Amino acid sequence: MDLIRRIEAGQGEFLLFALTPPRLATDPAQVREIADVTAARLRPLGLDGLILYDIADEAERNPAERPFPFMPTLDPADYLADHLSTWPTPVIVYRAVGKYTPDELPAWLTAQDPARVMTVLVGAASSTAATRTSLADAQALRLEANAALTLGGVAIPERHSRREDEHLRLLAKQDAGCRFFVTQVVYDLNAAKNFVSDYHYECQSRGVSPVPLVFTFSVCGSMKTLAFLRWLGVDVPRWIENDLRHATDPLEASYHQALTTATELIEFCRTLGVPFGINVESVSIRRVEIEASVRLAGAIRGQLRGS
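These remarks concern the structure in this document. Keep in mind the model is a prediction, meaning the values are calculated, not measured. (Residues numbered from 1 in each chain as written. Predicted model: local features only at pLDDT ≥ 70, side-chain atom pairs only at ≥ 80, totals over all residues. Heavy atoms only, no water.)

## Looking at the overall build of the protein
Our working definition: Comment: elements are numbered from the N terminus, with helices defined as DSSP H or I runs of at least four residues and strands as E runs of at least two. For a compact globule the rule gives 2.2 Å times the number of residues to the power 0.38, and the radius of gyration it is set against comes from C-alpha atoms. The buried label applies to any residue whose accessible area, calculated with a 1.4 Å probe on protein chains only, is under 20% of its type's maximum; exposed applies above 50%, and partly exposed to all values in between. Any two residues whose heavy atoms approach within 4.5 Å at even a single point are treated as in contact. Each accessible area is a Shrake-Rupley result for a 1.4 Å probe, and residues are judged covered by the shown protein chains and nothing else. Only four residue types enter the charge count, namely Lys and Arg as positive and Asp and Glu as negative; His and the chain termini do not. Charge placement uses NZ in Lys and CZ in Arg. For Asp and Glu, CG and CD serve respectively.
Helix and strand counts for the protein stand at twelve helices and eight strands. A compact globule built from 307 residues should have a C-alpha radius of gyration of about 19 Å, and the protein, at 18 Å, falls within 12% of that. Among the 307 residues that make up the protein, the fraction classed as buried is 52%. Taking all contacts inside the protein whose residues are at least 6 apart in sequence as the whole, residues at least 24 apart take part in 83%. As presented, the protein carries roughly 13800 Å² of accessible surface, and 51% of it is formed by carbon and sulfur atoms. Distance from the positive charge centre (31 side chains) to the negative charge centre (38 side chains) of the protein: 2 Å.

## Some remarks on the pairing of strand S1 (residues 14-19)
Which entries qualify depends on this criterion: One bridge is not enough; two strands pair if DSSP finds at least two bridges between them. Clockwise travel from the first strand over the helix to the second, with the strands pointing away from the viewer, marks a crossover as right-handed.
A large share of S1 lies buried, amounting to six of its six residues. Two elements, S1 and strand S2 (residues 49-52), share four bridges in a ladder whose sense is parallel. Of the residues in S2, the one forming a bridge with alanine 18 is isoleucine 51. Considered for its hand, the β-α-β crossover made up of S1, helix H2 (residues 28-42) and S2 is right-handed.

## Here's the deal with the side chain of arginine 301
The condition is simple: In the analysis that follows, any N or O atom pair within 3.5 Å is treated as a polar contact, provided that within protein one partner can donate a hydrogen and the other can accept it, and provided that, for residues neighboring in sequence, both atoms belong to side chains.
Structurally, arginine 301 is set in helix H12 (residues 287-301). What makes arginine 301 buried here is its relative accessible area of 12%. Within the structure, the side chain of arginine 301 is placed 2.9 Å from the side chain of aspartate 48, a separation counted as a polar contact.

## As for the packing of helix H4 (residues 104-111) against helix H5 (residues 135-146)
Applied cut-off: Interaxial angles span 0 to 180 degrees and are taken between N-to-C directions of axes, which are lines fitted to C-alpha atoms, for helices over the stretch in contact. Geometric relationships in this document are graded by angle, where less than 35 degrees denotes roughly parallel, more than 145 denotes roughly antiparallel, 65 to 115 denotes roughly perpendicular, and other angles denote oblique. Working rule for handedness: look at the near helix, and if it is turned counterclockwise from the far one by less than a right angle, call the crossing left-handed; if clockwise, right-handed.
Direction vectors running N to C along H4 and H5 enclose 45°, while the axes themselves pass 9 Å from each other. Looking at the two axes, H4 sits oblique to H5. For the crossing formed where H4 meets H5, the hand is right-handed. Here Leu105, Pro106, Leu109 and Thr110 of H4 come into contact with H5, specifically with Ala138, Leu141, Arg142, Ala145 and Asn146.

## Description of the sheet that holds strand S3 (residues 91-96)
Sheet strands pair by backbone hydrogen bonding; their relative direction is either parallel or antiparallel. Ordered in space as S1-S2-S3-S4-S5-S6-S7-S8, the eight strands form a closed barrel in which the pairing is parallel. Recorded for the sheet is a direction-independent mean angle of 30° between the axes of neighbouring strands. Direction of pairing for S3 relative to strand S4 (residues 117-122): parallel, over a ladder of six bridges. Each residue of the ladder has a partner; that of tyrosine 94, found in S4, is valine 120. Across the sheet, helix H8 (residues 189-206) is in contact with strand S5 (151-155) and strand S7 (213-217); its angle to S7 comes to roughly 175°.

## Some words on helix H10 (residues 238-246)
How we decide: This arc describes the spread of directions from the helix axis toward the C-beta atoms.
The set of residues buried in H10 consists of Ile240, Glu241 and Leu244. When H10 is viewed along its axis, its buried side chains cluster within an angular range of 100° and face the same direction. The exposed residues of H10 that point more than 90 degrees off its buried face are Arg238, Trp239 and His246. Residues of H10 that are buried sit in contact with helix H9 (223-231) and helix H11 (250-272).

## Some words on the environment of valine 196
Locating valine 196 in the fold gives a position in helix H8. A residue is classified by how much of its surface remains accessible, and valine 196, at 0% relative accessible area, is buried. Once the C-alpha coordinates of valine 196 and valine 274 are considered, the two residues, 78 residues apart in sequence, prove to be 7.7 Å apart.

## Points about the state of the cysteines
By definition, a disulfide links the sulfur atoms of two cysteine residues through a covalent bond. Keep this limit in mind: Counting rule for disulfides: a pair of cysteine sulfur atoms within 2.5 Å.
Taken as a whole, this structure holds zero disulfides when the rule is applied. Cysteine 178 takes part in no disulfide bond, and the closest cysteine sulfur, belonging to cysteine 203, lies 13 Å away.

## With respect to the pattern of salt bridges
Where we set the bar: Salt bridge criterion: a side-chain nitrogen from Lys or Arg within 4 Å of a carboxyl oxygen from Asp or Glu.
For the structure shown, the criterion picks out 16 salt bridges. The salt bridge involving glutamate 289 is made with arginine 286; its shortest N-O contact spans 2.6 Å. A residue is classified by how much of its surface remains accessible, and glutamate 289, at 5% relative accessible area, is buried. Residue classification places arginine 286 among the partly exposed positions, given a relative accessible area of 40%. One salt bridge connects glutamate 291 with arginine 287, and the closest N-O pair in it is separated by 2.8 Å. Residue glutamate 291 and its partner arginine 287 are located together in helix H12, separated by four residues, close to a single helical turn. Its relative accessible area of 60% is what places arginine 287 among the exposed residues. Linked by salt bridges that have partners in common, Arg6, Asp48 and Arg301 make up one network.

## What about the packing of aromatic side chains?
To keep things clear, this is the line we draw: Aromatic rings from Phe, Tyr and Trp, with only the six-membered ring used for Trp, were paired whenever their centres fell within 6.5 Å, and each pair was classed as stacked if the ring planes differed by under 30 degrees, edge-to-face if by over 60, and tilted otherwise. Criterion for a charge above a ring: Lys NZ or Arg CZ within 6 Å of the ring centre, and within 35 degrees of the ring normal.
Considering all chains together, one arrives at one aromatic pair under this definition. Above the face of the tryptophan 108 ring, arginine 95 is positioned so that its terminal group lies 4.8 Å from the ring centre.

Here it is as structure tokens:
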């Protein structure tokens, strides 16, 4: 059963890999080269699907200076159509809906093949951000333009630690048509487990079937990358920061930390009977970090049933 049918059936234990398209200023010939090298690197992993991120500036997310300058990237839908059209598995294309007008989104939604593409619609990073289309309006447009297109949403376990209502947000999004959720990068295992537990028992109390929760993991090769994750709102426990700061090889320490966290979260979801997927994210341009991400995905693949 392919990824789309598994998600629609509420079944988990699948592996995804997430990419950011090349920078907008990249020479077209180099874009083709990057796509070919990426596909060759990922094919041996036996992935169930691919995620392509849609990057927005999100300056309103945090008043502090951004650790890395914002660099516009190619549109993920165009990158898929122009350079990854032969990729063999379904692809989840993110849409930062605030960037698009109510005319642009339906045109893209209508053109998508529901047998090959899924989408995650992402709202604004802040309630004060200026947007062209709201998340609620984008969800309604998807229903009108292409109801067969499998819809996903974003989940933030760390937000659950602060507000204790992330599981309720998910259920509201399920009512709006979401059939899976992808988290931001997970570093705080306890926050993730609390979120999964509350979601499981709330579904149980309502008589609602849980949908797959896709947990994102990544490697972190420097303290500057860690600072950027914090800028994005990711909560990194102090003990992990200390381990990375004092490690002889921070990248290797990060790899083992991510693998250990993923392993424990996999077993926790199995115990509760919550369907899950694992997404390994690679957004760095450093070759050593890209290769470590691929190695992490391979190690996690071996832990998933049916792999």
